[in-house]
There are 2 protein chains.
Amino acid sequence: MNAVEVIRRKRDGHPLDGDDVRAFVRGYTSGAIPDYQAAAWLMAIYLRGLDGAELAALTEAMLHSGDLVDLADLDGAKIDKHSTGGVGDKISLHLAPAVAACGVRVPMISGRGLGHTGGTLDKLESIPGFAVDLPVEKFRAVLADCGLALIGQTARLAPADKKLYALRDVTGTVESIPLIAASIMSKKLAEGIDGLVLDVKCGSGAFMKTLDRARELAATLVDIGRRAGKRATALITDMDQPLGRWVGNAVEVRESLDVLEGRGEPDLVELTLALGAEMLLLGGAARTVEEGREKIAGALGDGRALAAFRRCVQLQGGRLDEIERRGWIAAEAITVDSERPGVVQAIDAEAVGHAAIRLGAGRLRKEDAIDPSQWIHLMRKVGEPVATGQTLVRFSAPRARETAHEVAALLRAAYTVEDVQPARRRLVIEVIR
Amino acid sequence: MNAVEVIRRKRDGHPLDGDDVRAFVRGYTSGAIPDYQAAAWLMAIYLRGLDGAELAALTEAMLHSGDLVDLADLDGAKIDKHSTGGVGDKISLHLAPAVAACGVRVPMISGRGLGHTGGTLDKLESIPGFAVDLPVEKFRAVLADCGLALIGQTARLAPADKKLYALRDVTGTVESIPLIAASIMSKKLAEGIDGLVLDVKCGSGAFMKTLDRARELAATLVDIGRRAGKRATALITDMDQPLGRWVGNAVEVRESLDVLEGRGEPDLVELTLALGAEMLLLGGAARTVEEGREKIAGALGDGRALAAFRRCVQLQGGRLDEIERRGWIAAEAITVDSERPGVVQAIDAEAVGHAAIRLGAGRLRKEDAIDPSQWIHLMRKVGEPVATGQTLVRFSAPRARETAHEVAALLRAAYTVEDVQPARRRLVIEVIR
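Every value quoted in this text rests on a predicted model; they were computed, and no experiment measured them.

Draft legend 1. Local environment of the overall build of chain A. For chain A, the count of helices and strands is 17 helices and 13 strands. Expected size for 433 residues packed as a compact globule is a radius of gyration near 22 Å; at 22 Å, chain A falls within 12% of this value. Projected onto the principal axes, the alpha-carbon positions of chain A cover approximately 65 × 45 × 40 Å. Counting every position in chain A, which comprises 433 residues, the buried fraction comes to 58%. The contacts of chain A with a sequence gap of at least 6 include a subset with a gap of at least 24, amounting to 78%. Accessible area for chain A stands at about 16600 Å²; split by element, carbon and sulfur atoms hold 50% of it.

Draft legend 2. Structural detail: the interface of chain A and chain B. On the side of chain B, 22 residues touch chain A, which itself brings 22 residues to the contact. Roughly 1700 Å² of surface becomes buried between chain A and chain B when both sides are summed, with 68% attributable to carbon and sulfur atoms. On the chain A side of the interface with chain B, the three residues burying the most area are Arg-11, Tyr-36 and Leu-47 of chain A, jointly 33% of the side's total. Our count for the chain A to chain B interface comes out at 4 salt bridges. In this structure, Glu-175 of chain A engages Arg-8 of chain B in a salt bridge whose closest nitrogen and oxygen atoms are separated by 2.2 Å. Counting across the chain A and chain B interface gives 10 residue pairs in polar contact (both at pLDDT 80 or more). Secondary structure elements with two or more residues in the side of chain A that touches chain B: helix 1 (3-11), helix 3 (35-48) and helix 8 (159-170) of chain A. The element best represented in the side of chain A that touches chain B is helix 3 of chain A, accounting for 10 residues. Considering only residue class, the side of chain A that touches chain B consists of 11 nonpolar, 4 polar and 7 charged.

Draft legend 3. Molecular detail of the sheet that holds strand 10 (residues 385-386) of chain B. All names here are of chain B. The antiparallel open sheet is built from 3 strands, whose spatial order is 10-8-12. At either end of the open sheet lies a strand with only one pairing partner, and these are strand 10 and strand 12 (415-418). With 4 bridges joining them, strand 8 (residues 342-347) and strand 12 adopt antiparallel strand pairing. The partner of Val-343 across the bridge, within strand 12, is Glu-418. Helix 17 (residues 401-414) contacts strand 8 and strand 12 of the sheet and is inclined by roughly 45° relative to strand 12.

Draft legend 4. Just the pattern of salt bridges, in detail. All names here are of chain A. Summed over the entire model, instances satisfying the criterion amount to 90 salt bridges over all chains. Put simply, Glu-125 and Arg-112 hold a salt bridge, and the shortest N to O gap is 2.9 Å. Of this pair, Glu-125 sits in helix 6 (residues 120-125) while Arg-112 sits in the loop between strand 2 (106-110) and helix 6, and the two are 13 residues apart along the sequence. What makes Glu-125 partly exposed here is its relative accessible area of 38%.

Draft legend 5. Fine view of the packing of aromatic side chains. Residue and element names in this part refer to chain A. The tally for this structure, following the rule as stated, stands at 4 aromatic pairs over all chains. Ring geometry for Trp-246 and Trp-375: centres 5.6 Å apart, planes at 65°, overall edge-to-face. Placement of Trp-246 in strand 6 (residues 246-248) and of Trp-375 in strand 9 (residues 375-378) is noted, with a sequence separation of 129 residues between them. Taken individually, Trp-246 and Trp-375 each receive the classification buried, so the pair is uniform in this respect. Sitting above the plane of the Tyr-28 ring, Lys-163 keeps its charged end 4.5 Å from the centroid.

Draft legend 6. Unusual backbone geometry, seen in detail. All names here are of chain A. Although it is not a glycine, Ala-158 sits at a positive phi angle of roughly 45°. Relative to the helices and strands, Ala-158 resides in the loop between strand 3 (148-152) and helix 8. Under the relative-accessibility criterion, Ala-158 is labelled buried at 0%.

Draft legend 7. Expanded view of the packing of helix 5 (residues 91-101) of chain B against helix 11 (residues 250-260) of chain B. All names here are of chain B. Here helix 5 crosses helix 11 at 35°, and the two axes come no closer than 8 Å. In the packing of helix 5 onto helix 11, the handedness of the crossing is right-handed. Along the contact surface, helix 5 presents Leu-93, His-94 and Pro-97, while helix 11 presents Glu-252, Val-253, Ser-256, Val-259 and Leu-260. Along the lines of polarity and charge, the residues of the contact of helix 5 with helix 11 split into 5 nonpolar, 2 polar and 1 charged.

Draft legend 8. The arrangement of the relation of the copies chain A and chain B in detail. Taken as rigid bodies, chain A and chain B are interconverted by a rotation of 179° and an axial shift of 0.1 Å, the fit giving an RMSD of 0.1 Å. Seen this way, the second copy is the image of the first under a two-fold rotation axis. No C-alpha of chain A approaches the rotation axis more nearly than that of Tyr-36 of chain A, which lies at 2.0 Å. A share of 100% of interface residues in chain A that are also interface residues in chain B marks the association as one of identical surfaces.

Draft legend 9. Spatial organisation of the nonpolar core. In this structure, Trp-41, Leu-58 and Ile-376 of chain A together with Trp-41, Leu-58 and Ile-376 of chain B are the most contacted members of the largest nonpolar core, which totals 281 residues. Excluding anything up to four places from it in sequence, Trp-41 of chain A contacts Val-6, Ile-7, Lys-10, Leu-16, Val-21, Phe-24, Val-25 and Leu-58 of chain A.

Draft legend 10. Spotlight on the side chain of Asp-80 of chain B. Residue and element names in this part refer to chain B. For Asp-80, the location among the structural elements is in strand 1 (residues 79-83). Take Asp-80: its relative accessible area is 0%, and that puts it in the buried class. Side chain to side chain, Asp-80 and Lys-188 meet in a polar contact 2.6 Å long. Setting aside chain neighbours within four positions, we find Asp-80 in contact with Val-106, Pro-107, Met-108, Ile-109, Lys-188, Glu-191, Ile-193, Gly-195, Leu-196, Val-197 and Met-279.

Draft legend 11. Structural detail: the sheet that holds strand 13 (residues 428-432) of chain B. All names here are of chain B. If you trace the 4 strands from one edge of the open sheet to the other, you get 1-4-5-13, paired in mixed fashion. Each edge of the open sheet is held by one strand with a lone partner, namely strand 1 and strand 13. Between one strand and the next, the sheet's axes are offset by a mean angle of 15°, whatever the strand orientation. Bridge analysis of strand 5 (residues 231-238) against strand 13 gives 4 bridges, and the strand direction is antiparallel. Each bridged residue has a counterpart across the sheet, and for Ile-236 the counterpart in strand 13 is Glu-430.

Draft legend 12. Representation of the packing of helix 3 of chain A against helix 3 (residues 35-48) of chain B within the structure. Where helix 3 of chain A contacts helix 3 of chain B, the axes come no closer than 7 Å and their chain directions differ by 35°. Two packed elements cross with a definite hand, and for helix 3 of chain A against helix 3 of chain B that hand is right-handed. Across the interface between the two elements, Asp-35, Tyr-36, Ala-39, Ala-40, Met-43, Ala-44, Leu-47 and Arg-48 of chain A from helix 3 of chain A touch Asp-35, Tyr-36, Ala-39, Ala-40, Met-43, Ala-44, Leu-47 and Arg-48 of chain B from helix 3 of chain B. Classifying every residue of the contact of helix 3 of chain A with helix 3 of chain B gives 12 nonpolar, no polar and 4 charged.

Draft legend 13. Broad picture of helix 16 (residues 349-359) of chain B. All names here are of chain B. The buried fraction of helix 16 is high, at 8 of 11 residues. Buried residues of helix 16: Ala-349, Ala-351, Val-352, Gly-353, Ala-355, Ala-356, Ile-357 and Leu-359, and no others. In this fold, the buried residues of helix 16 make contact with strand 6 (246-248), strand 8, strand 9 (375-378), strand 11 (391-396) and helix 17. Once helix 16 ends, the next one or two residues include Gly-360, with phi positive near 95°.

Draft legend 14. Representation of the side chain of Arg-105 of chain A. Residue and element names in this part refer to chain A. For Arg-105, the position within the fold is in the loop between helix 5 (91-101) and strand 2. A residue is classified by how much of its surface remains accessible, and Arg-105, at 15% relative accessible area, is buried. Of note is the side chain of Arg-105, whose polar atom sits 2.6 Å from the side chain of Asp-75. The residues touching Arg-105, leaving out its near neighbours within four places in the chain, are Leu-74, Asp-75, Ala-77, Lys-78, Ile-79, Leu-143, Ala-144 and Gly-147.

Draft legend 15. A look at helix 7 (residues 136-146) of chain A. All names here are of chain A. Every buried residue of helix 7 is accounted for by Phe-139, Arg-140, Val-142, Leu-143 and Cys-146. Axial view of helix 7: buried residues confined to an arc of 160°, hence all on one face. One or two steps after helix 7, the chain reaches Gly-147, where phi turns positive at roughly 85°.

Draft legend 16. Expanded view of the state of the cysteines. Residue and element names in this part refer to chain A. Tallied over the entire structure, the rule returns 0 disulfides over all chains. Looking at the unpaired Cys-102, the closest cysteine sulfur is the one in Cys-146, lying at 14 Å. Of the residues examined, Cys-102 reaches a relative accessible area of 15% and is grouped as buried. No disulfide involves Cys-146; its sulfur sits 4.6 Å from that of Cys-312, the nearest cysteine. Here Cys-146 falls in the buried class, since its relative accessible area comes to 11%.

Definitions and limits used
Residues numbered from 1 in each chain as written. Chains lettered and ligands numbered in written order. Predicted model: local features only at pLDDT ≥ 70, side-chain atom pairs only at ≥ 80, totals over all residues. Heavy atoms only, no water. Helix = DSSP H or I, 4+ residues; strand = E, 2+ residues; numbered from the N terminus. Rg over C-alpha atoms; globule rule 2.2 N^0.38 Å. Buried < 20%, exposed > 50% of the residue type's maximum accessible area, 1.4 Å probe, protein only. Contact = heavy atoms within 4.5 Å. Areas by Shrake-Rupley, 256 points an atom, 1.4 Å probe, with all protein chains shown as cover. Buried area = accessible area lost by both parts, 1.4 Å probe. Salt bridge = Lys/Arg side-chain N within 4 Å of Asp/Glu carboxyl O. Polar contact = N/O pair within 3.5 Å; in protein donor to acceptor, adjacent residues only side chain to side chain. Nonpolar A, V, L, I, M, F, W, Y, C, P; charged D, E, K, R; others polar. Pairing = 2+ DSSP bridges. Axes fitted to C-alpha atoms, helices over the stretch in contact; angles between N-to-C directions. Phe/Tyr/Trp six-rings, centres within 6.5 Å; stacked < 30°, edge-to-face > 60°. Lys NZ or Arg CZ within 6 Å of the ring centre and 35° of its normal. Left-handed = near helix turned anticlockwise from the far one by under 90°. Least-squares fit on C-alpha atoms with pLDDT ≥ 70 in both. Core = buried A, V, L, I, M, F, W, Y, C linked by side-chain atoms within 4.5 Å. Arc of directions from axis to C-beta. Disulfide = S-S within 2.5 Å.

Bear in mind that shape data such as this cannot, by itself, settle questions of function.
Encoded structure:
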């Protein structure tokens with residue numbers, strides 16, 4: 001394999017041989033191919049794209065660059081869910097135990113929040129004592145015991161993806177659908193799962209702002225999964241306003257417990273039923289979407305999902321009672337009130353995410369620390385009426401007055417209030433199997 | 001200037017601010033911007049292009065990255081010629097003294113051969129003792145004395161170009177018209193010239209294989225020159241067969257001396273008149289092309305051009321008599337004879353260039369050494385008749401029999417002989433002012 005030849009072929013829009021793609025990734029991971037050649041290659045891929053066979057080879061090479069988790073000795077289907085990232089998305093916390101309670105194992109490897117989006121790992125770490133960096137043997141033991149395990153990516157899982165992602169970050173090659181898809185799938189396929197449900201977010205709070213881009217990513221992800229011999233389904237779901245009413249970390253665990261206790265916000269419940277049903281279908285625990293939804297609703301309603309979650313948290317060292325007991329809402333709140341009567345038309349989810357970063361509840365750079373006690377509470381959501389002077393949104397009071405002003409201004413600008421009733425957006429926009 | 005932002009803008013096809021382009025080049029030259037960011041940027045430029053203003057800023061930044069030669073204290077116009085590279089192209093050797101003999105100074109900075117193309121510097125170095133790496137003061141003194149000076153690029157001239165070129169070479173970003181044009185013009189504009197004639201080669205032996213690509217490069221070069229406030233004219237000339245009858249180094253000096261002695265090959269003379277006339281026009285030494293051609297023909301005919309060349313070689317330490325005296329044709333020759341009667345239709349110039357590399361007369365990599373005594377002699381050129389068994393081409397016998405077979409096979413395949421008379425190609429295809 002001649003690295004310059006491979007770069008030139010992609011530059012000129014020709015398809016690459018699978019062996020060349022694999023050799024390039026191996027060479028880059030080992031250090032034989034320098035950063036500058038990989039950077040030129042990534043930009044050529046960004047602008048020329050990759051076809052299905054090239055993408056399968058890229059994903060496979062990244063996947064095989066590190067350890068593979070082998071869960072074959074655990075009985076039953078192992079199904080994971082991956083979300084492309086949004087604001088207020090705490091679905092994994094209650095979805096995984098609900099699916100596990102229905103007899104499908106969920107070995108879930110989650111990520112941290114970055115930019116305006118939150119991360120499941122950050123939310124889990126707001127539970128005092130909860131360990132997200134389990135060794136593989138412990139991960140397997142938790143999964144065997146309670147049907148789910150919730151951990152973070154280890155350094156030995158798909159290291160090629162880590163190295164390539166770090167390079168993409170500094171060379172303007174992040175927002176490429178094939179590169180995003182290969183990055184996601186290489187990590188997920190290393191988990192030892194049988195199938196995967198993908199929650200591809202679309203809208204103001206998502207990386208994919210348009211339905212066309214979301215569709216392209218969803219189809220690409222499903223295709224990579226199929227080529228790797230895994231069952232995969234993608235749901236394109238609405239991320240035009242935040243999910244649920246709370247944005248932060250400890251508050252989102254609390255809001256997720258509400259779902260597990262049978263009194264969750266309608267949008268959180270609806271998305272849990274939709275994603276859970278697809279996971280049960282892939283895992284063979286339901287024959288139809290309807291049956292899947294009923295089973296998930298049952299597990300949420302009778303306390304089985306909550307029990308599974310409690311057991312998982314306990315096994316991973318978390319003290320859930322501290323979240324339930326302690327004043328998880330930072331005491332002082334600042335409110336943003338409506339300046340006019342009307343109906344909420346839109347809540348710009350990306351702006352809410354940036355407000356969360358400003359409060360310390362999210363991070364701009366990977367190395368930033370998070371304050372799990374900070375929060376934003378959306379008192380009004382899209383389609384809800386508001387009178388002049390009524391609160392639209394409130395948030396935990398930051399120490400600096402200037403920060404409070406900035407956050408209030410960001411949140412005020414995120415809301416659009418008008419006289420008419422907004423067109424209703426479906427939460428699940430499309431399903432791609 | 002945020003390097004990633006600049007990369008992203010170009011990636012997305014947006015025009016870059018001139019200040020950003022200059023800052024990027026400065027940052028890369030100083031080492032503040034790493035190779036991998038420059039590589040991604042170059043690939044984005046390769047695939048998205050640069051407009052005239054961006055290109056002017058890029059060229060200017062590269063030009064100002066090093067020393068500028070100031071020739072303002074020398075009287076008269078200073079005009080150079082640059083060729084984009086071909087096979088058998090020894091034009092500079094006799095063109096520069098012919099123009100100097102007509103009263104226009106020619107401060108010529110030439111390059112080495114690379115790939116299938118030869119380089120003026122390599123040919124000059126086949127003259128025993130000839131020094132191509134003069135300090136600027138000596139360069140100026142030679143130019144003041146005999147009206148021309150023939151040197152190589154110094155390390156301090158446009159170092160940004162050297163660094164960028166080395167990166168392009170290993171990242172598959174060489175064949176980009178804007179990057180080629182900026183590279184050429186940044187070096188030429190650093191020479192302290194008033195104007196420049198560009199010989200843009202087109203055909204099988206050129207980097208630009210099609211007339212469209214050659215036109216695009218020619219127009220780009222002229223535009224950069226204009227924007228930098230210099231007079232510039234481009235000639236698109238035929239490089240579908242080698243120029244003259246000899247390909248090598250010492251042999252090309254000898255063939256060039258033939259032109260200076262008034263008995264040159266018709267194609268060499270014709271191109272010299274065409275390029276020389278344009279140089280005299282730019283330098284104000286002729287009012288019309290016709291007048292320019294007559295003046296150049298006069299200088300070639302009455303020995304003034306030859307005298308200028310002899311003086312230049314002498315000032316730069318060369319011993320021309322050794323080229324003239326010694327057996328410059330390596331003694332033993334191998335001939336390739338025609339296997340059929342007919343007329344030569346085509347001589348693939350790139351293939352001839354590769355045969356020259358195989359003989360050691362050219363170099364594949366920059367670090368390769370050249371054997372100046374090796375040669376190829378085209379006994380038949382396009383349009384000339386040949387009988388079965390008559391020699392098409394001969395070459396200096398290499399030591400290894402295998403090499404001889406390879407070179408003979410390359411040269412045989414380079415020739416096309418058929419019954420009909422081939423369509424006549426014009427040597428000067430277009431002039432772009």
